[in-house]
Amino acid sequence: MPLRRRTKVGRLAQRMLADKRANFAVMTALSAPVALALAAVAIDEASIYTERRQAQAMVDLAAITAASNINNVNTAVVTTLTDNGMPGVVVQASGQTIPPAVDKTVVTVTRGRYASSTANVGQRFQPGVTPYNAARVTLTKIPARYFASSLLPTPVIGTQATASTTPQATFSVGSRLLSVNGGILNALLSGLLGGNISLSVMDYNGLISADVSVLSFMSALATQLNITAGTYSDVLASKATVGQIATAMANVPGLGNTAKVALQTIASKSTGTAKIPLSSLVDLGSIGSLGLGQQPSGLGIDASAVGMLTAAAVLANGTNQAAVDLGATIPGLLSTKLNIAIGEPAQSSPWLAVGGIGTVVRTAQTRIKLTASVGIGTPGLAGGINLVAVNLPLNVEVAYAEAKLTDITCPTGPSSINVSVAAHPGIAQLNLANSNTPSSFADFSQPQTFTDADIAEVKLLLIPLIQVTGSAATSVTNNSPQPLTFNATDIANKTVRTVSTRNISQSLTTSLVDDLSLSANLLGLGIDATALLRTVKPAVVALLNTVTAPVDDLLYNVLSALGVGLGQADVRVTGATCGRAVLVQ
């Protein structure tokens, strides 16, 4: 019996082991806890990932808001996060350590300065450096967990964002025409443009006092160039003649009638066909990406009408030289001839620009050679000496003036905007002498050298003409830029600020004449040169001093019309904006 029972039990066990029915239910029962645990972890991990992305988006928005409200960053950040559903926002001050908790979000807000020009990306944001233009927001929080809180350690979400404002300004450098000599300007523009320009002093004064909207000018020019759609950059990538430029300026709305007629006259008289690259005249920076007809918010872009016109005339002067014969129109001078050479504009440095910190504008290098014959008046001197002729060979070279945008700050918002510009006039060299290399007058890569010139011709009784030669030199130097600051009122009024390296009331021509060194070649004539020069030099110097004032006026009008000044430069900011905050890191 026992043996039979054991055998029966064994057979039953074998049948059970061989029977595969209901195995799935058993396996499901065994694996269900593991599957549920994995599902709980997956759901919570997905939830944490989603919450992290949402937190990053909110931190990005908070950083932008903080950068836009740089003087009230904490309130801006808390308000932004709270309004977007972030629970229990607490600001952690410097030196504090506040751990995040459920329903408590900890944020750190750091103001600083963002310098995009720094090569190392990690060092572009400089915490605590003033003036502030950026904010960094760091957030930590405990994410919600639904099923796996007992299976996972307590996680902490950490996100960070940095936003910075990009302020911009519209500024230009040049030299103003404060007093106008219409005859000189007409002769100069005629020489540059190849036509017969004849405007009155009133016409020039109308141009001097007029400003034009650069964007409206670009839109008008686009019509002439058959650019029917596109951006301002598309126009700047084109070329135009001075006639087209003058016509477009005349068509800008709001221009005074006197300036409008003057520009129309110049456009009709200009016979030059040379086309200038418009990007060498104006740089609109990021504003260039706007569509034609669009206007940037809060940023004025205006330019001097006469400044833009003369800058265009200089660029259009394809030979880089102009010859102007003024005849006897200059008081005290029997004849006056001018040769003008204009250097190529520096790369990426137009006359007017819209840009951020680091943007540079420059004038052109300029050389002027003035050859004049001075009216003698009473030729007779003591000792039977007669002055037959007195000449004024004057050479002027002015390097480019430069202005660089160094800072734009808005301490308490747009009304407190301050624009800082570092500017210096071009170094100038004046020589009362003859050039040793007249053939390289327009070659700015070759420095000029000078030698004694024929200053006077003297006749002594029956002795043939005696040449009196001489030379003098002076310079205007400037070793470091001078800082200029424009506030909101200055910008609204389009105030012009001047940097100078000399007393502008001092006549450089007079300084040259007073320093004139004379000599006479009397070899073989048996005449005491010292005695001769003792009589001749005071008379020559006195005679030259009578014409220094009109010569100064001539140089002033010519150089100012070219946007260049001797020892001084004018800078004007016509628009500025604190900029729109954007994410940078």
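Residues numbered from 1 in each chain as written. Predicted model: local features only at pLDDT ≥ 70, side-chain atom pairs only at ≥ 80, totals over all residues. Heavy atoms only, no water.

Colleague: Would you explain helix 14 (residues 548–561) in this entry?
Modeller: Count 3.6 residues to each turn of an α-helix, and residues three or four apart come out pointing the same way. Taking 1.5 Å as the rise per residue, helix 14 with 14 residues should run 20 Å; its terminal C-alpha atoms sit 20 Å apart, in good agreement. With 10 of 14 residues buried, helix 14 is to be regarded as a mostly interior element. For helix 14, every residue scored as buried is listed here: Thr 548, Pro 550, Val 551, Leu 554, Leu 555, Asn 557, Val 558, Leu 559, Ser 560 and Ala 561. The first or second residue beyond helix 14 is Gly 563, which carries a positive phi of 80°. (Helix = DSSP H or I, 4+ residues; strand = E, 2+ residues; numbered from the N terminus. Expected span 1.5 Å × (residues − 1). Buried < 20%, exposed > 50% of the residue type's maximum accessible area, 1.4 Å probe, protein only.)

Colleague: Just to check I follow, could you spell out the pattern of salt bridges for this structure?
Modeller: When the charged atoms of two side chains lie near each other, side chains of opposite charge can form a pair. Enumeration over the complete set of coordinates arrives at 8 salt bridges. Between Arg 572 and Asp 211 there is a salt bridge, and its shortest N-O distance comes to 2.8 Å. Here Asp 211 lies in strand 7 (residues 211–213) and Arg 572 lies in strand 28 (residues 568–577), a separation of 361 residues in the sequence. We classify Arg 572 as buried; its relative accessible area is 12%. (Salt bridge = Lys/Arg side-chain N within 4 Å of Asp/Glu carboxyl O.)

Colleague: What is the right way to look at the sheet that holds strand 26 (residues 496–500) in this model?
Modeller: The strands that make up a sheet pair up through hydrogen bonds in the backbone, lying either parallel or antiparallel. With mixed pairing, 5 strands are arranged side by side in an open sheet as 10-14-6-28-26. Each end of this open sheet is capped by a strand with a single partner; those strands are strand 10 (282–283) and strand 26. The pairing of strand 26 with strand 28 spans 5 bridges and is classified as antiparallel. Paired with Thr 498 across the strands is Asp 570, a residue of strand 28. (Pairing = 2+ DSSP bridges.)

Colleague: Help me understand the environment of Gln 482 in this model?
Modeller: Of note, Gln 482 is situated in strand 25 (residues 482–487). Sequence separation of Gln 482 and Ala 422 is 60 residues, and the distance between their C-alpha atoms is 5.4 Å. Setting aside its immediate chain neighbours within four residues, Gln 482 contacts Val 421, Ala 422, Ala 423, Val 499, Ser 500 and Thr 501. (Contact = heavy atoms within 4.5 Å.)

Colleague: I'm lost on the packing of helix 6 (residues 214–224) against helix 8 (residues 242–250) in this one. Help?
Modeller: Angle between the axes and distance between the axes: these two values describe a pair of packed helices. Packing of helix 6 against helix 8 brings their axes to within 8 Å, and their N-to-C directions diverge by 125°. Between helix 6 and helix 8, the angle falls in the class oblique. Here helix 6 runs over helix 8; the crossing is right-handed. Residue-level inspection shows Phe 217, Ala 220, Leu 221 and Gln 224 of helix 6 in contact with helix 8, the latter providing Gln 244, Ile 245, Thr 247, Ala 248 and Met 249. Looking at the contact of helix 6 with helix 8 residue by residue, the classes come out as 6 nonpolar, 3 polar and no charged. (Axes fitted to C-alpha atoms, helices over the stretch in contact; angles between N-to-C directions. Parallel < 35°, antiparallel > 145°, perpendicular 65-115°, else oblique. Left-handed = near helix turned anticlockwise from the far one by under 90°. Nonpolar A, V, L, I, M, F, W, Y, C, P; charged D, E, K, R; others polar.)

These figures capture arrangement, not role.
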